[in-house]
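Structural overview for review
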Amino acid sequence: MQNDKQIIFRNPQSMPPAKGYTQVVEVRNGRTIYVSGQVAVNQHGELVGPGDLAAQTRQVFENIKSALEASGVSFNDVVKLTFFVTDIAQMQTVRDIRDSYVNTKNPPASSAVEVSKLVKDQFLIEIEAIAVGE
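An unreviewed UniProt entry lists the protein chain under the name RidA family protein, with Paenibacillus ehimensis given as the organism. In UniProt, the protein chain has this text filed under Sequence similarities (unreviewed entry): "Belongs to the RutC family."

**With respect to the overall build of the protein chain**
Of the regular secondary structure elements, the protein chain holds two helices and six strands. Across the protein chain, helices and strands are ordered from the amino to the carboxyl terminus as β-β-β-α-β-α-β-β. Against the globule reference of 14 Å for 134 residues, the protein chain gives a C-alpha radius of gyration of 15 Å, in line with a compact fold. Partitioning the intrachain contacts of the protein chain with sequence separation of at least 6 by distance along the chain shows that 71% fall at a separation of at least 24. In the structure as shown, the protein chain presents an accessible area of about 7,700 Å², 45% of it carried by carbon and sulfur atoms. Side chains of the protein chain carry 13 positive and 15 negative charges; the gap between the two charge centres is 5 Å.

**Remarks on the pattern of salt bridges**
Following the criterion strictly, the structure yields five salt bridges and no others. Between K5 and D77 there is a salt bridge, with its nearest N and O atoms 2.6 Å apart. Of the two residues, K5 sits in the segment before β1 (6–10) while D77 sits in the loop between α1 (53–70) and β4 (78–85), which places them 72 residues apart along the sequence. By relative accessible area, K5 is classed as partly exposed at 22%.

**Some thoughts on helix α2 (residues 91–98)**
Of all the positions in α2, only M91, V94, I97 and R98 are classed as buried. Taken end-on, α2 shows its buried residues confined to a sector of 125 degrees, consistent with a single buried face. Next to the buried residues of α2 lie α1, β4, β5 (109–114) and β6 (125–133).

**Re the pairing of β6**
Where burial is concerned, most of β6 is hidden: seven out of the nine residues are buried. Where strand β3 (residues 31–38) and β6 come together, six bridges link them in antiparallel fashion. Paired with R31 across the two strands is G133, which belongs to β6. Examined bridge by bridge, β4 and β6 share seven bridges and lie antiparallel to one another. Along β6, the bridge assignment pairs V85 with I125.

**A few points about the packing of aromatic side chains**
Taken as a whole and assessed by the stated rule, the structure comprises four aromatic pairs. Between F61 and F75 the ring centres are 5.7 Å apart and the planes differ by 45 degrees, which places this aromatic pair in the tilted class. Residue F61 is located in helix α1, and its partner F75 is located in the loop between α1 and β4; the two are separated by 14 residues in the primary sequence. Residues F61 and F75 agree in their burial class; the two are buried. Taken together, the ring pairs in this structure connect F61, F75, F83 and Y101 into an aromatic cluster.

What counts and what doesn't
- Residues numbered from 1 in each chain as written.
- Predicted model: local features only at pLDDT ≥ 70, side-chain atom pairs only at ≥ 80, totals over all residues.
- Heavy atoms only, no water.
- UniProt positions renumbered as here; feature names shortened; annotations may be inferred.
- Helix = DSSP H or I, 4+ residues; strand = E, 2+ residues; numbered from the N terminus.
- Rg over C-alpha atoms; globule rule 2.2 N^0.38 Å.
- Contact = heavy atoms within 4.5 Å.
- Areas by Shrake-Rupley, 256 points an atom, 1.4 Å probe, with all protein chains shown as cover.
- Lys, Arg positive; Asp, Glu negative; His and termini not counted.
- Charge placed at Lys NZ, Arg CZ, Asp CG, Glu CD.
- Salt bridge = Lys/Arg side-chain N within 4 Å of Asp/Glu carboxyl O.
- Buried < 20%, exposed > 50% of the residue type's maximum accessible area, 1.4 Å probe, protein only.
- Arc of directions from axis to C-beta.
- Pairing = 2+ DSSP bridges.
- Phe/Tyr/Trp six-rings, centres within 6.5 Å; stacked < 30°, edge-to-face > 60°.

Structural data, given as structure tokens:
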């Protein structure tokens, strides 16, 4: 049986314009990979970038990259990102870093939520990812 993974990115004209994300992502014939929420902790369990959202965001994306690679996929296969941030006013910083990882021509569907606190006070951001592989 051949697995012809197909991912279709749609921004219907009947919906608000999407800037930096896709309104609808349809997946056909693929295996789904769910990456748990990642925070700014390196492979040694150490916090990266205390008080620095940009440094924490880069570490989070590096953690997601490692998780994706362990499953044989990459950021090109990510269909959904969910962002939890403690200060939504800084979301542009997150977007700028995100754009250096994701396919900006067909960006994943995304949600961003401001939260009052993450699992530890020093964490400024947490990101979950969903990818589709062959």
